[in-house]
Each structure stands twice: as C-alpha cells, then as structure tokens.
Amino acid sequence: MEFWSDSPYGVQPPLTDEAVRDAEKLLGVRLPEALLELLRVQNGGVVVDERSAFPSEPNSWAQDHAPFDSLMGIGAAERTTSLLDTPYLVEEWGLPSPVVLLTGDGHWWIALDYRTCGPAGEPSVVWLDADGESELALAPDFRSFLGGLVPAESFD
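Residues numbered from 1 in each chain as written. Predicted model: local features only at pLDDT ≥ 70, side-chain atom pairs only at ≥ 80, totals over all residues. Heavy atoms only, no water.

Peer 1: Explain the sheet that holds strand β8 (residues 134-139) to me, and be specific about the residues and the numbers.
Peer 2: Taken together, the four strands give an open sheet; going across it, the order is β5-β6-β7-β8, and neighbouring strands pair in antiparallel fashion. The sheet terminates laterally at β5 (99-104) and β8, the two strands that pair on one side only. Across this sheet, the average inter-strand angle for adjacent strands is 30°, counted without regard to direction. As defined by bridge partners, β5 adjoins strand β6 (residues 108-113) across five bridges and the pair is classed as antiparallel. When the bridges of β6 are listed, leucine 101 appears paired with alanine 111. Contacts from helix α3 (residues 86-93) reach β5 and β6, with the element oriented near 85° to β5. (Pairing = 2+ DSSP bridges. Helix = DSSP H or I, 4+ residues; strand = E, 2+ residues; numbered from the N terminus. Axes fitted to C-alpha atoms, helices over the stretch in contact; angles between N-to-C directions. Contact = heavy atoms within 4.5 Å.)

The following block contains the structure:
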C-alpha cells in the first residue's frame, strides 16, 4: 500500500546517510530502520488518506483514533517542521524526554518514546497531549504503528 501522497507540503530534500548521522547525533538516539526506510523514499510530507489514522483509546482528538495525516522528515526546509525541531518543541510544549516527535500541532503529538528502551533501543509510539498533560501508548514500535494505520474516514 502506498504511504506518501502527491502533496509537496512538508517534504524535505532527499535524505542522505550524513543527514541521518547528524540527526541521530542531535537527537541523541538511534532512529528506527522502519522510519528511515520511509524517509529514504520521500523525506517527510503528507500521508495518503488510506493511512491517515491509528485506532486508539479515547484521547483529546477523538474517542477511537489518533490522526496521522503527515510525517515530519529530516532537514531544514523553510516553513517546514522537521524531526530536528524535536528538542525545541519538547521544551516549548513541556513534553517528556527523550522522545522524537513524528507529527502533531503543538497541542498534541505522536512521538517515538525512548524513555523505556534507551537511546539505542527500539522505541514505542505514543500520543502526547500537551494541553492535558497526558499520554497514551499507541504501538510497541514504529513498524507495528505503520501496520495499524487506517483511513481516518473509517471513524465517525
């Protein structure tokens, strides 16, 4: 199944091995291979409608799912948020650490959570509600998260 939409919004320049090394150094973690595989195809951007939500317990967005309409890439394209913005955004929004933010709008985020596995481990995927100061486990790892994505329109 396709993952990336045709929209140019949020797309960073093509991902290089050097950019991955620099990002991992800045973030202080090893990024999951499943994430890097996606970003090597297209470095961030809008997700196809068929993969735009993840079923979940109730959260501040909905009673039965979390939105996933885009995935940040690695880079510094103008007016585009990047995984590299994670340290600033974690501090700005008072989020737990260490995490790597994947998508969100400030009030909520979907993130890779390294608090249990450590910086070289396989992070789980969590929903972080900055306003409500709450969190919700979504998936045990990024590959499982990808496998659970469904169309947002499948929810009421």
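What follows picks up the thread again.
Peer 1: Residues and numbers for the pattern of salt bridges, please.
Peer 2: Following the criterion strictly, the structure yields five salt bridges and no others. Ionic pairing is found between glutamate 135 and arginine 115, a salt bridge with its closest N-O pair at 2.5 Å. Highlighted residues: glutamate 135 in strand β8 and arginine 115 in the loop between β6 and β7 (124-129), separated in sequence by 20 residues. When its relative accessible area of 43% is taken as the criterion, glutamate 135 is described as partly exposed. One salt-bridge network, in which partners are shared between bridges, spans Asp113, Arg115 and Glu135. (Salt bridge = Lys/Arg side-chain N within 4 Å of Asp/Glu carboxyl O. Buried < 20%, exposed > 50% of the residue type's maximum accessible area, 1.4 Å probe, protein only.)

Peer 1: So what's going on with the packing of aromatic side chains? Which residues, and what values?
Peer 2: The geometry of two aromatic rings is summed up by the distance between their centres and the angle between their planes. Applying the stated criterion across every chain, the model contains seven aromatic pairs. On the basis of an interplanar angle of 90° and a centroid distance of 4.8 Å, the ring pair of phenylalanine 3 and tryptophan 4 is categorised as edge-to-face. Judged by relative accessible area, tryptophan 4 falls into the buried class, the value being 9%. Site record: aromatic cluster; members linked through ring pairs are Phe3, Trp4, Phe54, Phe68, Phe142 and Phe145. (Phe/Tyr/Trp six-rings, centres within 6.5 Å; stacked < 30°, edge-to-face > 60°.)

Peer 1: Can you lay out the nonpolar core for me, pointing to particular residues and giving the numbers?
Peer 2: Membership of the largest hydrophobic core comes to 46 residues, with the highest contact counts inside it found for Leu31, Leu71, Leu101, Ile110, Phe142 and Phe145. Elements that contribute at least two residues to this core include exactly α1 (17-27), α2 (33-41), α3, β5, β6, β7, β8 and α4 (142-148). (Core = buried A, V, L, I, M, F, W, Y, C linked by side-chain atoms within 4.5 Å.)

Peer 1: I'd like a description of α2, backed by residues and values.
Peer 2: Along α2, the residues classified as buried are Ala34, Leu35, Leu36, Leu38 and Leu39. In the core, the buried residues of α2 are packed alongside α1, β4 (70-71), β5, β6 and α4.

Peer 1: Go over α1 with me, naming the residues and quoting the values.
Peer 2: Each full turn of the α-helix corresponds to 3.6 residues, which orients residues three or four apart in the same direction. For α1, the set of buried residues is Val20, Ala23 and Leu27. Looking straight down α1, one finds that the buried residues subtend no more than 65° of arc, so they occupy a single side. Residues Asp17, Glu18, Arg21 and Lys25 are exposed on α1 and point more than 90 degrees away from its buried face. Close packing links the buried residues of α1 with α2, α3 and β5. Backbone geometry just after α1 places glycine 28 at a positive phi near 75°. (Arc of directions from axis to C-beta.)

Peer 1: Any details on unusual backbone geometry? Residues and values, ideally.
Peer 2: Backbone torsion omega between serine 97 and proline 98 reads 5°, so that peptide bond is classified as cis. Following the sequence through the fold, proline 98 ends up in the loop between α3 and β5. Phi is positive for arginine 79, close to 55°, though the residue is something other than glycine. By secondary structure assignment, the location of arginine 79 is in the loop between β4 and α3. Of note in the backbone geometry, glutamate 133 takes a positive phi value of approximately 50° without being a glycine. By the element assignment, glutamate 133 lies in the loop between β7 and β8.

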